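As a plain string of letters, each chain reads:
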Amino acid sequence: MKRWRLALLIPALWSIPSPAAAAPTRPVAAPQPSELRVVPAEVRLTSRRDYRQVVVSGLFGGEERDLTQRARFVSSDPKVIRVVGGRVEPAGDGSATLAVRVGTLTRRVPVRVTGYSTPDPVRFHFETIPLLTRQGCSSGSCHGSPRGRAGFSLSLYGYDPEIDRVSLTRDGYNRRINVLEPSESLLLKKPLLEVSHGGGKRLRKSDPAYRLLHEWIAEGATVEKPAVTSTGIEIAPGPSRVLKAPYLTQQLCVVARFSDGSSRDVTGVATFESTQPAVAVVDGAGLVTARGRGQAAISVRYLDFLSSAHITMIEDVPGFAWKPEPEPGFIDRLVNTKLRQLQVLPSEICTDSEFIRRVSLDLTGLLPQPDRTRRFLADASPDKRARLVDELLETDAHARFWALKRADLFRVTSGRLPNGRADKLSEWIYEANRTNLPYDRFARTLLTASGESADTPTAGYFVAIPTMEERTEMTAQIFMGSRLECARCHNHPFESWTMRDYYSLAAVFARVQVANKTAIRLADSGDALLPTTREAMKPWGAKPSDAEPPDRRTAFVDWLARAGNPVFARVEVNRMWSELFGRGIVDPVDDFRSTNPPSNAALLDALGLEFERSGFDRRHMLRLICRSRAYQRSSITHRLNVADESLFSHAKVRLLTAEQLQDAIGLTSRRLPPPAPGSTSADARRYATQRSAPENSAFTLAFGQPKRETACTCERSTEPTLLQALELLNGGTAFTAATLGADTYAAMTNDTLVRELYLSAFCRDPSAAELKTALQHLSASTDRKAAVVDLLWSIMNTREFLFQH
Amino acid sequence: MSPVVTRAAAVLAIGTVLALGASARSGAAPAVQPTPVGFLKEVAPLLLKRCAGCHGERANLGGYRLHAFQDLMRKGGGGRPAVTPGKPEASELLRRIETRDPALRMPKQDEPLSVSQTALIRRWILEGARFDGGDPTAPYRAQLGPREHPAAPLSYRAAVPALATAVAPDSGDLAVSGYHEVTVWDAQSGLLKRRIGRLPQRIQSLAFSPDGRTLLVAGGTPGEYGEAALVDWSSGRRTRVLEFGSEILLSAAYSPDGRRVATGGADNTVRVTEVETGKRLWQNRVHADWVTSLGFSADGEFVASAGKDLTVKIYRATDGALFATYLGHNRQIGQFKGQHPVYALRFSPEGRQAYSAGGGRWVQVWNPIKTRDEAGDAGDMEERFAKQGHARYIEHGFKKDVYALAVSRATLFAASSGGEVKQFNLTDLKEVRSFPCEPDWIYSLTLDEPRRRLIAGSYTGLIQVWDVESGKRLSEFSARPGANLAAR
Amino acid sequence: MDILDRFLSPRQQDGRRRFLRRTGFGVLGWSAAELVLLEQQVRAAGVARRVLVLFEQGGVSHIDTWDPKPDAPTEHRSPFKTMSTPVDGLQVTELLKQSSAVTRHLTVVRCMTQPTPGIGNSHPKGSQYVLSGEAPGGPIEMPDIGSVVASLQGSDAPHLPGHVMLPGNSEQAGVSTPGFLSAANTAFRTGGSPADPKWTVPNLGLVGGIGAERFTERRKLLASLDTGLLPARGGKPVKALGSLMDQASDMLTNPLTRKAFDLSSESSKVRERYGLGHRGQCYLLARKLIESGVRFVTVDPREPLNSYRDGKPVRFDGGGNMNWDHHDAIYSTSHTNIKGGGAGGGRWGIGTWPMMGSLDQAFSALISDMSDRGLLKDTLVCLVTEFGRTPKVNERQGRDHWTPAFTFVFAGAGVPGGQVVGSTDKEGGYITSSAAYTIDDYAATVYEKLGIDRSKPLHTPVNRPIYLAAHGRPIPELF
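Residues numbered from 1 in each chain as written. Chains lettered and ligands numbered in written order. Predicted model: local features only at pLDDT ≥ 70, side-chain atom pairs only at ≥ 80, totals over all residues. Heavy atoms only, no water.

**Details of the overall build of chain A**
When helices and strands are tallied, chain A shows 28 helices and 28 strands. Here the C-alpha atoms of chain A give a radius of gyration of 31 Å, agreeing with the 28 Å that 2.2 N^0.38 yields for 805 residues. Across its three principal directions, the C-alpha atoms of chain A cover 100 × 70 × 50 Å. For chain A, the residues scored as buried account for 60% of the 805 residues in total. Long-range pairs, those at least 24 residues apart, make up 65% of the contacts in chain A between residues at least 6 apart in sequence. Summed over its atoms, the accessible surface of chain A is roughly 30100 Å², and 53% of this surface lies on carbon and sulfur atoms. Charge-centre separation for chain A: the mean point of 105 positive side chains lies 3 Å from the mean point of 91 negative side chains. (Helix = DSSP H or I, 4+ residues; strand = E, 2+ residues; numbered from the N terminus. Rg over C-alpha atoms; globule rule 2.2 N^0.38 Å. Buried < 20%, exposed > 50% of the residue type's maximum accessible area, 1.4 Å probe, protein only. Contact = heavy atoms within 4.5 Å. Areas by Shrake-Rupley, 256 points an atom, 1.4 Å probe, with all protein chains shown as cover. Lys, Arg positive; Asp, Glu negative; His and termini not counted. Charge placed at Lys NZ, Arg CZ, Asp CG, Glu CD.)

**As for the interface of chain C and chain A**
Contacts between chain C and chain A engage 52 residues on the former and 51 residues on the latter. Overall, the association of chain C and chain A removes approximately 4600 Å² of surface from exposure, summing both partners, and the carbon and sulfur fraction of that is 68%. Three residues stand out in chain C for area buried against chain A, namely Arg218(C), Leu225(C) and Arg233(C), and they jointly supply 16% of the buried area on that side. Here chain C and chain A share three salt bridges between them. A salt bridge links Asp790(A) to Arg218(C), with the shortest nitrogen-to-oxygen separation between them at 2.7 Å. (Buried area = accessible area lost by both parts, 1.4 Å probe. Salt bridge = Lys/Arg side-chain N within 4 Å of Asp/Glu carboxyl O.)

**What to know about unusual backbone geometry**
Peptide bonds are mostly trans, and most non-glycine residues show a negative phi. In this structure, the amide linkage connecting Ala245(A) to the following residue, Pro246(A), adopts the cis form with an omega of 5 degrees. Among the secondary structure elements, Pro246(A) is positioned in the loop between β13 (240-244) and β14 (249-251). Here the bond from Met106(B) into Pro107(B) is cis, since omega is -10 degrees, no more than 30 degrees from zero. Examined against the element boundaries, Pro107(B) turns out to sit in the loop between α4 (92-98) and α5 (115-126). Located in the positive-phi region is Cys763(A), a residue other than glycine, with phi close to 60 degrees. Along the chain, Cys763(A) turns up in the loop between α25 (750-762) and α26 (768-780).

**Some thoughts on the pairing of strand β4 (residues 106-112) of chain C**
Residues and elements named next belong to chain C. Counting buried positions along β4 yields seven of seven residues, so the element is predominantly enclosed. Bridge count between β4 and strand β13 (residues 406-411): five bridges; the pairing is antiparallel. The residue of β13 that forms the bridge with methionine 112 is phenylalanine 406. (Pairing = 2+ DSSP bridges.)

**Concerning the domain arrangement of chain C**
Interfaces are often described in size by the accessible area the parts lose on coming together. Residues and elements named next belong to chain C. Domain parsing of chain C yields domain 1 (5-10 + 50-200 + 263-478) and domain 2 (202-260). A C-alpha centroid distance of 36 Å is found between domain 1 and domain 2. The largest share of the area that domain 1 buries against domain 2 comes from Pro158, His159 and Phe188, three residues that together contribute 53% of it. The interface formed by domain 1 and domain 2 holds two residue pairs in polar contact (both at pLDDT 80 or more) in total. Of all the elements, helix α12 (residues 278-292) adds the most residues to the side of domain 1 that touches domain 2, at four residues. Here the residues of the side of domain 1 that touches domain 2 are counted per class, giving six nonpolar, five polar and one charged. (Domains from an automatic or database assignment. Polar contact = N/O pair within 3.5 Å; in protein donor to acceptor, adjacent residues only side chain to side chain. Nonpolar A, V, L, I, M, F, W, Y, C, P; charged D, E, K, R; others polar.)

**Observations regarding the packing of aromatic side chains**
The full count for this structure, using the stated rule, is 60 aromatic pairs over all chains. Consider the rings of Phe69(B) and Trp124(B), whose centres lie 6.5 Å apart with planes at 80 degrees: the pair is edge-to-face. Residue Phe69(B) is located in helix α3 (residues 69-72), and its partner Trp124(B) is located in helix α5; the two are separated by 55 residues in the primary sequence. Per residue, the accessibility class of Phe69(B) equals that of Trp124(B), and both read buried. Ring geometry for Tyr326(B) versus Trp366(B): centroids 4.4 Å apart, planes at 10 degrees, classification stacked. Highlighted residues: Tyr326(B) in strand β16 (residues 322-326) and Trp366(B) in strand β21 (residues 362-366), separated in sequence by 40 residues. The class for Tyr326(B) is buried, based on a relative accessible area of 4%. The lysine or arginine in question, Arg301(A), covers the ring of Tyr157(A), its NZ or CZ lying 4.2 Å from the ring centre. Here the basic side chain of Arg358(A) rests over the ring of Tyr631(A), its NZ or CZ set 5.8 Å away from the ring centre. (Phe/Tyr/Trp six-rings, centres within 6.5 Å; stacked < 30°, edge-to-face > 60°. Lys NZ or Arg CZ within 6 Å of the ring centre and 35° of its normal.)

Following this line, the structure appears as structure tokens:
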């Protein structure tokens, strides 16, 4: 169930069901690898219950493939070690050698076993708790939900061992554990379904999990305070792997590190989940099996740690042949590399008409003026698209339109920032865009602003976010691309964010106070307390040795906006990319986490580096992206890329945003004069895309204009609704525009009228058929005004008009 | 409903004979058995254990329920009944447990039934799928009768929590909950004096009859069985089972005259039974969660039950009519706000004063009549919550929940899950003393008034005994038969 | 068709085939995990296709209506006589004289209770509780039950919204919300009063004098020009908008849409039977919408100050807010605005026409009419309120909020008729039956009746799993 849910959550990774996946382990006479690799190179087992999963890879022409399922394992001394399916288990103290054989190649792994006869009771914190997560007991939809289920409550994914200790052993009058007869324990009988269990069958007696839980109970269900803490996990064989027939499986091994320097194989108690079961599935022992072409993340959870192995399944697509094409920059090179790997053929380059409409809407929010379109279409020079991009980036409209997007996220409303303060902050953002303020300075100025927001508009950022928690969550969402709110009350269910992280970040803002509801002051005291222990957290970014700084935010911004921070630059370029492509490389744009990997990691890395290298020059990045062939692809798909939604092989058709649509209707009906160069704010306010404050009219609300209540781009809904259809067909906005706009058009000759209308609405000439239909309509009517109104209305209701493509 | 079943069963009984004959001829089944399969004894436990988890009271996957006889004959989601008497082949139940198709075989994703189990069910269907119980609509769990309990282990590998304690009025011997038994100790020396075995697995509540001759034992097996039984104290024999059911009982109490017994537990229900006849006088299920603790008022007028659902319910003892609900543990606003489960309830030995506690910072002291009056008059509930009303609050100062209370005329004792025990003066509601204590959960507290001793039982099985006057610890020992054997 | 299909309703079968196609399992056979997934969808089918909720907002006095207490102390007793009904063991007060004739269709649940702290005194919270089926104040704002149902089960009549609130102009109608669901699932509120002969539903007519004919011509022109971006090119959103445009056009021009809202298409006999006033016509309109295929209709029929009675305009002087919140002068024969009164003014006495008078007539007419038309077979009708009223009359001769016990009434969709469930003590204060049901249980009942699997959570935009009526269990006596 869970896996399907995750799959819904992450539409990022696509898949194509593949017939080849039907028989994943079909024996095929495989070629001999040129080299054998075994992880780990040596094994040390320190107790009777210790074990180690070995991962075997073979090198085939430079490509690594998993051979764990095909290798033969031989123990040199069965009294010291046994091996089952690549899992080395101790049999007694001593040294031995594990021989791994594939074909004629052999690798030997030295193994040492110690502590075999020393007692090693099941460790509650490191084994019992992760097991309850693995069996699904402590998930958010079962006993991990805030009120638990059926009276039994666990901490979500075991974030609070104390809650779990009490729940399992003390609470409910000790009903869940039976130390004298362990198999009589409700904790076992319920998931075995020996007693009715709302959560259904969750355990079998043959499961290793059953044995371990049984053993823990039999040993007295003890909970020793651990002397060490777990410090992290490592997944072998590495962060990403490519699977291709006949090698369609991949064994994973998870090793946990502890604070005393020791480490232990936890493959048997870790939780594995595939984000895309249609691409790859994973079993409880960490064995991944590919099922279809595409990319999937296998998330691995152990205690607070969540990490992912990224699996790419490739196969030969019939009829696929890469067509070499120019790759003028790194963007095209990296996009194409991914497309070639997954055998997706990109679409052609879009037409000039499509380009000018697309890029104008993207960069300025507005349809281009007919004159500009005419000039552009007539221009025969090869660099005209690049020049158009440059020109648009310098416009006021661009600075204003992109300020609007930003103000949406900052929740800039007159309710939160009264008496003109909202406008001042909007104006500041616009000014930052206009002067192309480097993004690191942009962030620093906002995040360290203090004072009265009427005088220091940037202070409005924090004034608009009144509580420490909201500041933490919004700042993380906007600047770090992370949705942190889950970690306020428990460790994040899909990411490594812990409550400690949350409150450490919160500590940064603990002393930021709002005075008179309008000004930001720094208090001398105030802390963020970890709810479970009431411990005051060290602010994020501060070094342990640091004395209390005058402003905790400075250390945070130093950490955040430095070059080399893995999140800051990438989050912002990903946002820009998403605005231009209708989809982020990480998508949603504010949901960066290992279980939601970028659809093209190399591309995102390169963009991030370029952004840093340019001194966080946003205009430079927009220019680069808009000039790329990837951006200029047609939205017309073909058989070899129709299924692709995330690799940017073709343009995405998108409904215009509420503001774009309102302005497009105004401009097309010629009711709104095109913005003059250097127009003032007052002029600009006529346009919904150029206004600092959302209008929230019936029309814009119907089309998903956000009310600016959250920092989530998801607040702007993009799914077409019935309300929108009613608004278009029967709403006042389109109706009035068509009626009033008809006067201008009615004065033209029929032929000019139709051509002008097409140029305004679609940036193109009508086709012969379209021209004929329109002319017929106009000449057949007795009421010219009505005929023009109807034509305008029809054009503004076509899908070509309503969508960006 | 039942006439239909009966008729169908009768018709099919004839068919059964024919069918039996047929199978005997074909040699597929063994010769006609002398004793037919007993449904309640043999088949029902199997269905309960292997099927009813998904097809039972809580879930009816596929539209089938197998926890009550009547439901076996109903058409499920597949359009055919689970059991067609006399016709194994037409019975979906048998088809599903016998098939080799892993996609269809039941229990789903689980070990299959054994060959002998499958054969048993087949034979029962063939014999006409007869029901040998009472009410075909009632879950057969309730018709299986009280359980016969196994003997307690000779020695305990580990301690079990001392969930209940009681002091024999005459001898002063201490009865402690054990595993399938009650163990009897000399509270002073910690010596094991007797073992009263063949009792429910967990014992949650122990109480002596006013005459001291009978021990009321309540408990069960979590999640599947509950029982309240009377044990003859002198012989140590279970003389009568007053109540049994499908969830563990957590509390049982005698009326002051010893003629009635009230029980409550994890089935959220309160029941009152007449001791002499064993007749159920009434039952009431108004709690939304477990009944954790209950008792009679000293005048025998009221029964009150504390619940995990944050309330205490008060009933008329004669007929069980709900008299009032005490909501002091569930306040949104005001000085004494908080929402907490209630784990302990005691009435004062005289009068009608009630004491209740659980989560939160206070033991609450209140009166049923006044509770009702306050609940009945005020229109504005929020304001009413804000008012303290007649209730009084003893701030106990524990950091944890209160699981046990003991009350005498002037004194109240409370014990917490933090392993703290305190004494309070009921006149000024002030703390008198705190007893030195081992820090683990204390589940039970017994005041031995004649001997002025206070006895607490904890999670670790530790019994601690204090002198009430001095507050000194008189003794402590582990109520674990094996440990004492080992010590000796 | 294989064995599993036999467990599934046609709709589920459809879903399953889609699932098969999408995943390609149809060819490859089923893995155990998928079977489990499917198995969980296989549940006893619901028997309701539609739900009609009559939300009488303000807290109807149960003692004066469905749960009479003739033995209560005189000073607190209801002045309305207790009368028998054709159903054994069911008595009601004389205020339900007409309804008593339809009791053989009804299950009267007298053991409703609302134990959630913090909700008791609040009409907005209580109303939201009734509408959403969960006590408000949790971390997530729950959608209306109707919004959930509309989003999960869509509509049988695409030209009509899936969830309609009629007319939805009580002071509490604002708490109706699609919660975390998309705004598309917002209840469609008609507003106004259907008893007004001039009443129409805004937004259902074409704007600015565009006649249906011209609109159709426009659509034709649009169709011939809408060729620049073929649906094949834009994928899902382009196709979706296209079909939504068709649906919207249908709503705007389909005579059935207008007809569903057009009370004049009903015979005067039928209209009179419901009562030619605000409440009667609201109830009638609800029946029409149910008949037209709307999945979920909520009637919130607070009587307006300026209203209609017997088809003629009437003004209920002093009735500024005629819900059931009778804190003052509950037995007034006109308005309840008394000197020194508190929150109970602005109503009319419970026995007056705009209150129980119109309710009794409208409710009895609705039930018998729906029965005659066969609509009760698959429509669940629920008569609900936030809470009951105190057993004792207060010093202002009113009754205050009372959450420990109150009454809901159900009919249709397999609800046994002629049944009383639960009981309260002789003053109507507390439940004495072993059964007691909450508003969560009511919500669970509605979902279960519709065959909605509550074991499968919905998900919020940030993917938090949300279980429907998580704290409720279906009321067994209604099945």
